[in-house]
Amino acid sequence: MLILTCPCCGVTADETELAGGGEAHVRRAGPGASESEVEDYLFMRENPRGPHFERWRHAYGCGKWFLAARDTATLEVFGTYPAQTTEPPEHIRAAITERHPGWRWRDFS
Amino acid sequence: MSARLPTGGRLLDRSQPLDFTFDGKRLHGYAGDTLASALLGQGQMLLGRSFKYHQPRGLVASGAEEPNALVGLGEGAFFEPNQRATAAELHAGLTATSQNHWPSLEHDVGAVNSALTRFLPAGFYYKTFLWPRSFWKHVYEPFIRQSAGLGKPPQEADGSTYEHFHVHVDLVIVGGGISGLAAALTAGREGREVLLIEQTAHWGGRAVVDAPQIDGQSAEDWVKSALQELETMANVRMRTRTMASGLYDHGYLMAYERVSDHAPATPGPRHRLWRIRAEETRLATGALERPLSFAGNDVPGVMLASAVRDYLVNWAISPGDRTVVVTNNDDAYRTALALYRAGLAVPVIVDARPQVTGALPQAARDAGIRVEPGRAIVKVDGKKRVTGVEIGLQLGEGGAMEHIACDAVAMSGGWSPAVHLWSHCGGKLTWDEAQALFRPDASRPPRGDKGQPIASVTGTANGHLGTAAALADAGLELDVSEPAEEPMAPVWIMPQGAGPALKRKMFLDYQNDVKVSDVELAAREGYESVEHAKRYTTLGMATDQGKLSNINGLAVLSGALNAAIPATGTTTFRPPYTPISMGSIAGAARGPLFQPVRRTPIHGWHEANGATWEPVGQWRRPYAYLKGAEDRHTAVTREVQAVRNSVGLLDASTLGKIVVKGPDAGRFLDMIYTGRPSSIAVGKCRYGLICNENGFLVDDGVVARLAEDTWLCHTTTGGAEHIHAHMEDWLQCEWWDWQVYTANVTEEWAQVAVAGPKARAVLESLGGMDVSKAALPFMTWAEGELGGLPARVFRISFSGELSYEIAVPADRGMELWEALLQAGAAHGVTPYGTEAMHVLRAEKGFIMIGEETDGTIIPQDLNLGWAIAKKKEDYLGKRAQERPHMADPKRWKLVGLEADGGAVLPEGAYIMAPGENANGQRHTQGRVTSTYYSPTFGRGIAMALLIHGPDRMGEMVEVTDGQGGAITARVCDPVLYDREGERLDG
Ligand SMILES: [Zn+2]
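Residues numbered from 1 in each chain as written. Chains lettered and ligands numbered in written order. Predicted model: local features only at pLDDT ≥ 70, side-chain atom pairs only at ≥ 80, totals over all residues.

1. Considerations on helix 4 (residues 178-189) of chain B
Residues and elements named next belong to chain B.
- Given a rise of 1.5 Å per residue, 12 residues ought to cover 16 Å, and the 16 Å separating the end C-alpha atoms of helix 4 matches this to within 8%.
- With respect to burial, helix 4 is a largely interior element, 10 of its 12 residues being buried.
- Along helix 4, the residues that are buried comprise I178, S179, G180, L181, A182, A183, A184, L185, A187 and G188.
- At the exit of helix 4 stands G191, carrying a positive phi of roughly 85 degrees. (Helix = DSSP H or I, 4+ residues; strand = E, 2+ residues; numbered from the N terminus. Expected span 1.5 Å × (residues − 1). Buried ≥ 20, exposed ≤ 12 C-beta atoms within 10 Å, placed from the backbone.)

Structural data, given as structure tokens:
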């Protein structure tokens with residue numbers, strides 16, 4: 001039962017209050033995109049053992065979506081941040097670097 | 001024979017005798033007994049049969065780790081199978097039944113399996129699947145079916161109630177032995193909020209049985225004074241009969257309280273599930289004694305040395321007149337001394353260690369007990385009961401040097417810390433070579449959300465086996481007088497050189513009948529990983545989860561692989577620690593509380609007027625209204641005809657209603673819908689489709705433009721919540737700079753469809769706003785007053801008839817419904833349900849989400865291209881619909897089907913194509929998506945998806961009839977009723 005803090009309302013919530021929404025920072029490939037770009041967008045996902053970026057919704061709370069950086073092996077949460085961003089903020093990256101120097105996740109490091 | 005001694009038993013209240021039954025036999029015990037101790041007190045040692053060979057089995061242990069003594073408890077609505085007799089407290093009238101045998105416990109036909117031992121080796125379950133095929137059907141399967149399974153499931157609905165507790169504390173301590181009590185004293189004195197839980201009914205753990213002197217008093221008195229002090233602390237809560245079942249992600253601890261199993265007449269819940277969030281979880285879970293592996297170690301009468309001691313000290317049970325003790329450590333000598341002090345005979349202590357020099361062995365020798373170092377039990381004699389043991393050299397191959405008559409054997413293979421909870425959530429273990437045990441590795445704990453350790457371990461569970469060491473580990477440095485112990489010897493098999501014949505009789509896992517020979521066979525066959533060997537042999541996979549067998553099995557595997565134990569590693573412990581009831585997991589969420597029922601404002605009227613229900617999401621919608629003796633079919637036919645010929649009423653309140661508002665609302669809806677809602681004029685309505693990014697159709701409904709910046713989106717009944725969530729997802733996560741606000745207002749409105757040629761007449765007789773064709777043409781809406789009610793009237797139709805949907809504030813819904821019934825009385829107004837609604841829409845060829853769609857259907861498949869704004873640059877799903885498979889002309893497309901002779905085609909039937917595939921299955925070219933009896937046409941009608949469907953009008957196809965045959969049907973236009981749309985436009 002994970003605990004995540006909703007950056008929108010500030011509530012520290014049990015997993016039962018939240019709904020997972022898959023991988024974060026997926027870039028939309030719309031009309032004009034190539035077949036392989038569309039396939040990547042719709043189907044290709046990361047499956048790391050270690051730091052990962054996820055979408056969560058405070059479904060039984062304020063209803064807002066937010067993003068979380070989490071270690072899939074140790075379950076450590078490096079932080080949560082608003083969904084209105086295209087890349088993880090600096091303080092989240094720094095928290096990951098502290099545990100996993102030299103980490104990479106897609107284009108981020 | 002086991003028997004009750006005339007005196008003693010620290011937990012017994014002999015002034016309170018209790019009657020109970022076992023397999024219908026009336027037996028007697030005392031308050032304070034467990035079912036296990038009471039049965040032993042009555043001489044009942046044979047308690048069950050093993051799973052695979054149906055070997056006779058008796059009690060091995062005295063606590064939660066017991067593998068054999070599983071019984072059914074209670075009767076009828078209170079029956080529960082697979083309960084451990086050692087964990088069942090005796091109460092008056094307790095009813096216990098033995099299980100896994102036929103026809104009786106004493107004479108079990110299945111025991112013939114034991115004669116087949118050689119043919120049921122490790123991996124039996126896998127091997128039988130292979131060859132020969134006919135053997136599986138005629139030999140293995142009937143055999144496995146007859147012998148498989150433990151207890152029988154209850155036959156009645158559970159008569160007990162259950163509940164959940166949600167608890168937040170600073171510190172939860174698991175285990176009420178002296179370490180747990182010491183930890184609670186320390187934390188309680190610091191003022192921390194503490195919850196201390198203990199799985200049994202008693203505090204003090206092993207210390208009160210083994211009786212060291214603590215702080216100048218007996219262990220019993222020390223425990224009493226600790227409890228007295230804890231009870232005065234307002235910040236400390238204590239619960240017995242509460243077992244921590246699992247430690248989960250981020251430190252979530254689940255505990256299982258058996259509130260009234262011991263006193264069934266008590267009002268209130270039977271079990272309670274505690275869902276605990278603690279800043280810190282301290283595990284003081286103690287240790288479990290290990291059996292030794294010698295031939296015949298499963299014969300009833302062979303027990304753990306600590307269990308023999310527990311039964312004797314706690315419940316005054318003599319395991320038999322003569323008990324042989326066999327050990328690889330000093331602790332078992334406590335059992336010999338306890339038996340001696342109780343006046344019972346210990347003919348010999350068989351000690352595998354070559355040198356035995358400790359204080360406890362010395363005390364045994366001083367008492368005149370014969371001690372035999374360097375010796376092993378070669379074999380146990382007896383079948384349903386121990387009659388004696390053969391003794392030989394531990395270093396030998398099994399030659400018997402001496403036969404010793406006895407009726408019980410007390411064995412000890414050393415102790416294993418109970419590390420289960422530590423391991424549940426990823427805590428790692430370290431091998432302690434000196435004590436030959438795995439203990440928690442404090443440097444690799446299970447971790448929480450901040451990377452912090454979520455559990456710590458204290459006392460015996462931490463590998464501190466002595467009383468003084470355990471107390472010190474828990475934070476109390478106390479004066480303890482206990483004899484010093486010499487090191488144990490890591491002896492796993494007795495004797496060391498035993499051959500295959502003996503190893504086939506050495507049991508590791510009693511409940512699943514896994515023997516030393518099975519684990520060695522698994523290793524020989526290449527199952528070298530401990531996780532593979534576990535699954536191949538089923539070692540540790542029974543309901544006791546290998547509490548006794550784990551380390552021994554591991555040691556045997558390591559021996560067979562010639563590897564060190566830590567190199568072989570352990571299997572993963574999984575929750576729950578011991579089984580918990582399904583009722584406790586459900587808690588109060590059962591029956592009407594299982595999930596909430598959503599009711600429309602008109603629900604009560606439906607209920608009172610013959611509604612037969614169809615669940616739709618959490619709503620209950622009337623499927624049809626049964627009048628008098630009508631069946632469903634007759635009612636549906638009547639309702640359809642009423643709508644076609646006069647007028648009907650449908651409670652449409654459950655339809656989703658989402659308001660979308662803001663400067664960018666039009667632009668936003670143009671992305672959500674395949675069409676262009678931004679171009680709907682204020683006062684107009686338009687049908688819209690919503691696809692996901694994969695291009696698949698997920699919802700449909702009528703969109704009405706309420707104002708320049710406001711739209712009302714109708715969704716399907718089941719779609720309201722997830723379409724609202726879908727909109728919010730895109731607004732919050734992709735187009736967060738667009739100024740749009742959405743609100744799900746589904747429950748704020750009651751909505752009634754008035755459909756049929758007389759619909760306008762009914763509304764006109766209600767009085768109020770102008771609902772004429774000129775004022776309110778098809779696909780428009782208007783706001784006004786109808787029959788004195790504030791209303792929004794939508795001129796939309798899902799039936800193909802002249803139709804109005806009238807929305808009023810929810811609290812006026814019942815008024816509207818009754819006004820419409822009254823105003824329509826002259827026309828025979830008829831309430832209709834969801835099935836008539838389905839038939840009406842199918843006659844008209846309207847698709848239904850969830851019938852024509854299943855998550856793999858795009859609008860183009862349903863000939864709904866007209867609802868897609870093709871010139872629009874973008875909408876959700878647009879790009880995906882251009883992918884090659886989506887644009888493939890061979891996709892199945894919507895058609896109607898007319899079966900020969902007017903038959904109703906089966907739901908989900910396939911349209912067959914010539915030939916067969918590689919599996920000998922008929923090729924298909926389409927399938928039926930909707931099929932009904934049409935009262936309007938007097939025959940069956942169907943909608944279907946068919947390859948090249950729209951190009952094949954008039955063609956005959958073959959549809960599966962569900963019984964291996966075929967029905968011939970003609971491909972036709974799915975729109976059967978009023979193709980010109982005159983009625984709905986009327
Ligand atoms: Zn929130």
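That shown, we press on.
2. Comments concerning the domain arrangement of chain B
- Here chain B is partitioned into domain 1 (162-288 + 417-474), domain 2 (291-411), domain 3 (506-568), domain 4 (656-747) and domain 5 (876-985).
- Taking only C-alpha atoms, the centre of domain 3 of chain B and the centre of domain 5 of chain B are 57 Å apart. (Domains from an automatic or database assignment.)

3. Comments concerning the confidence of the model for chain B
- Per-chain confidence: chain B averages 93 in pLDDT, with 95% of residues scoring 70 or above.
- Taken over the whole predicted complex, pTM reads 0.90, whereas the ipTM for its chain interfaces reads 0.98. (pLDDT = per-residue confidence, 0-100.)

4. Some words on the sheet that holds strand 39 (residues 697-707) of chain B
Residue and element names in this part refer to chain B.
- Overall, antiparallel pairing links the five strands, which are arranged 38-39-40-37-41 in an open sheet. Edge strands, defined here as strands with exactly one partner in the open sheet, are strand 38 (685-691) and strand 41 (741-744). Here the average twist between neighbouring strands, direction ignored, is 25 degrees.
- With four bridges connecting them, strand 37 (residues 656-661) and strand 41 associate as antiparallel partners. Across the sheet, the residue bridging to K661 is Y741, located in strand 41.
- Across the face of the sheet, helix 20 (residues 665-672) comes into contact with strand 37, strand 38 and strand 40 (710-715) while running at roughly 135 degrees to strand 37. (Pairing = 2+ DSSP bridges. Axes fitted to C-alpha atoms, helices over the stretch in contact; angles between N-to-C directions. Contact = placed C-beta atoms within 7 Å.)

5. Quick look at the sheet that holds strand 42 (residues 749-755) of chain B
All names here are of chain B.
- Strand order in the open sheet made by the six strands is 43-44-45-42-36-46, with mixed pairing throughout. The open sheet has two edge strands with one neighbour each: strand 43 (781-786) and strand 46 (830-831).
- In the sheet, strand 44 (residues 789-794) pairs with strand 45 (residues 803-809) via three bridges, with the strands oriented antiparallel. Paired with F794 across the bridge in strand 45 is E805.
- Sheet contacts for helix 23 (residues 813-824): strand 36 (648-651), strand 42, strand 44 and strand 45; angle to strand 42, the most-contacted strand, approximately 15 degrees.

6. Some points on the UniProt feature "domain: GCVT N-terminal" (unreviewed entry) in chain B
- Residues annotated by UniProt as "domain: GCVT N-terminal" (unreviewed entry) correspond here to residues 602-872 of chain B.
- Overall, residues 602-872 of chain B shows 27% helix and 29% strand. The separation of its end C-alpha atoms is 41 Å. (UniProt positions renumbered as here; feature names shortened; annotations may be inferred.)

7. What about the nonpolar core?
All names here are of chain B.
- Membership of the largest hydrophobic core comes to 163 residues, with the highest contact counts inside it found for A184, I377, V409 and V519.
- Ignoring sequence-local partners within four residues, the contact set of I377 consists of F294, V326, V350, V389, I391 and M494.
- Grouped together as the second largest cluster of nonpolar side chains are 105 residues, A704, V752, A807 and I858 included. (Core = buried A, V, L, I, M, F, W, Y, C linked by C-beta atoms within 7 Å.)

8. A few points about the interface of chain A and chain B
- Across the contact, 19 residues belong to chain A and 22 residues belong to chain B.
- Of the residues assigned to the side of chain A that touches chain B, the class counts are 12 nonpolar, four polar and three charged. (Nonpolar A, V, L, I, M, F, W, Y, C, P; charged D, E, K, R; others polar.)

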